[in-house]
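# Fold and contact review
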Amino acid sequence: MARMSGRRALAALPVLLCVTLAVFAVAAASPFDPVKAYAGGAGLTASQENLDQLRANLGADRPWYTRWWDWLGHALRGDLGDSAVMRQPVADVIAERIGWSVLLAATAFLLAITLGTLLGVLAGRRRGGLLDRTVSALAYTLEAAPAFWLGLLALWFLSLELGALPPGGLTDTASDTVTAGQVAHHLVLPALVLGLSQLPWFFLYVRQGVGDALEEDPVRGARARGLAERTVLTGHALRSGMLPTLTLVGSRVPELITGALLVETVFSWPGIAAATVQAALSVDFPLLAALTVLATAAVLLGNLLSDLLYGLADPRVGFDG
């Protein structure tokens, strides 16, 4: 396991390097002007001389590869630079928001895995039954629905029509303090929407895996030996049927990150979504590079986690292949 993790870490370094290089290259080709975005309304009336001076102060007049090389050198020393659009160090921007994004994503992912596995097992036991047909139809519908559309629908129905859950934010409108109770209350709706957007894949994988495992010879032999149906399901079919599902943990991370950004925007959740959008629109090179590296690292870690879980669940696979 340690050797495999080490090899993956070494392989991730050139990937992250290329990603940051691509961010600076693409941002440089963008039609958005970082100087005008930084100046805001004052940039509309500022003289060209003032804009040129501001461009020089921000370093935006240098070639993009020079800016990338300078940023990389500082990043390797732990300095991610300053965000022009946020007017604060990039490390502070990320530190203030990453925790809330992780809380939302982790809660939604846990919900998707738990509910998807439970429904998949129940549907896989009786493929073709009423429960299987009903849940499968809902899963295919959710699979085709964009996360932001689900968010707007949930916002309209559960918040505006029923008034059951707060429409957004982190705390109540009249509150000036953040409490665990308020955070939990406001987390329900965005986590539910994000979790439902990820649930279909886990459900369909578990359903297919458990259904196929129940038809294998070892499971039939266990039933022939008189083992209880519950033992056959949990001790034989579920373990065999869950193996393909473990690969989803890594493959769903990119979709989870994208969905989290959309859901955060819909529900005004104070994660990294707002910072990502502003960094993209303002061509904020240091913040863009740091957020992209963070997302890429999350994807690579998700893929590593999938392989580790698969190796632990099935010793035949091993960690040295």
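Below you will find a few notes about this structure. (Residues numbered from 1 in each chain as written. Predicted model: local features only at pLDDT ≥ 70, side-chain atom pairs only at ≥ 80, totals over all residues. Heavy atoms only, no water.)

### So, the overall build of the protein chain
Scanning the protein chain from N- to C-terminus turns up 14 helices and two strands. Counting only residues that meet the buried cut, the protein chain has 38% of its 321 residues in that class. Counting only contacts in the protein chain whose residues sit at least 6 apart along the sequence, the fraction spanning at least 24 positions is 74%. Counting only carbon and sulfur atoms, one obtains 66% of the accessible surface of the protein chain, whose full area is about 17000 Å². (Helix = DSSP H or I, 4+ residues; strand = E, 2+ residues; numbered from the N terminus. Buried < 20%, exposed > 50% of the residue type's maximum accessible area, 1.4 Å probe, protein only. Contact = heavy atoms within 4.5 Å. Areas by Shrake-Rupley, 256 points an atom, 1.4 Å probe, with all protein chains shown as cover.)

### With respect to a nonpolar patch on the surface
On the surface, F148, W149, L152, L153, W156, F157, L160, L162 and L262 cluster together into a nonpolar patch covering about 900 Å² of accessible area. It is helix α7 (residues 147-161) that provides the largest number of residues to the nonpolar patch, a total of seven residues. Residue position: L152 is located in helix α7. You can call L152 partly exposed: its relative accessible area is 46%. (Patch = residues over 30% accessible without salt bridge, like charges linked within 9 Å, V, L, I, M, F, W, Y side chains within 5 Å. Salt bridge = Lys/Arg side-chain N within 4 Å of Asp/Glu carboxyl O.)

### Focus on helix α4 (residues 64-76)
With 13 residues, α4 should reach 18 Å at 1.5 Å per residue; the first-to-last C-alpha distance of 18 Å fits that figure. Inspection of α4 places R67, W68, W71, L72 and A75 among the buried residues, and these make up the whole buried set. For α4, the arc enclosing every buried residue in end-on projection is 135°, short of the 170-degree limit, so these residues lie on one face. Opposite the buried face of α4, at more than 90 degrees from it, the exposed residues are W69 and L76. At the exit of α4 stands G78, carrying a positive phi of roughly 95°. (Expected span 1.5 Å × (residues − 1). Arc of directions from axis to C-beta.)

### Things to note about the packing of aromatic side chains
Under the defined criterion, the tally for this structure stands at five aromatic pairs. Residues F109 and F202 carry aromatic rings whose centres are separated by 5.6 Å and whose planes lie at 75° to one another, so their mutual orientation is edge-to-face. Of this pair, F109 sits in helix α5 (residues 90-125) while F202 sits in helix α8 (residues 180-213); the two residues are 93 residues apart in sequence, bridging distant segments of the chain. Across the pair, F202 and F109 agree in class, each one buried. (Phe/Tyr/Trp six-rings, centres within 6.5 Å; stacked < 30°, edge-to-face > 60°.)

### Considering the side chain of E264
Residue position: E264 is located in helix α12 (residues 253-267). Those residues in contact with E264, other than ones at most four positions away along the chain, are S101, L104, W269, G271, I272 and A273.

### Side note on the nonpolar core
Of all hydrophobic cores here, the largest spans 29 residues; its most connected members are L104, L189, V193, L194, V263, F267 and W269. In contact with L189, not counting residues within four places along its chain, are A154, L155, L158, S159, L165, P166 and F267. Counting residues in hydrophobic clusters, the runner-up holds 22 residues, among them A27, A75, V90 and V93. (Core = buried A, V, L, I, M, F, W, Y, C linked by side-chain atoms within 4.5 Å.)

### Quick notes on the packing of α8 against α12
Put simply, α8 and α12 touch, their axes get as near as 10 Å, and they point 145° apart. Here α8 and α12 pass one another in a crossing that is right-handed. Counted together, L189, P190, V193, L194 and Q198 of α8 and E255, L256, G259, A260, V263 and F267 of α12 form the full contact between these two elements. (Axes fitted to C-alpha atoms, helices over the stretch in contact; angles between N-to-C directions. Left-handed = near helix turned anticlockwise from the far one by under 90°.)

### Some points on the environment of W269
Among the secondary structure elements, W269 is positioned in the loop between α12 and α13 (273-281). Distance from W269 to L187, taken between C-alpha atoms, is 8.6 Å for residues 82 residues apart in sequence. With residues up to four places along the chain from it excluded, the contact list for W269 reads W100, S101, L103, L104, G169, L170, V183, H186, L187, P190 and E264.

### A closer look at the pattern of salt bridges
Taken as a whole and judged by the stated rule, the model has two salt bridges. Where R97 meets E96, a salt bridge forms, and the shortest distance between an N and an O atom there is 3.4 Å. The partner of D132 in a salt bridge is R207, with the nearest N and O atoms 2.5 Å apart. Highlighted residues: D132 in helix α6 (residues 130-144) and R207 in helix α8, separated in sequence by 75 residues. Per residue, the accessibility class of D132 equals that of R207, and both read buried.

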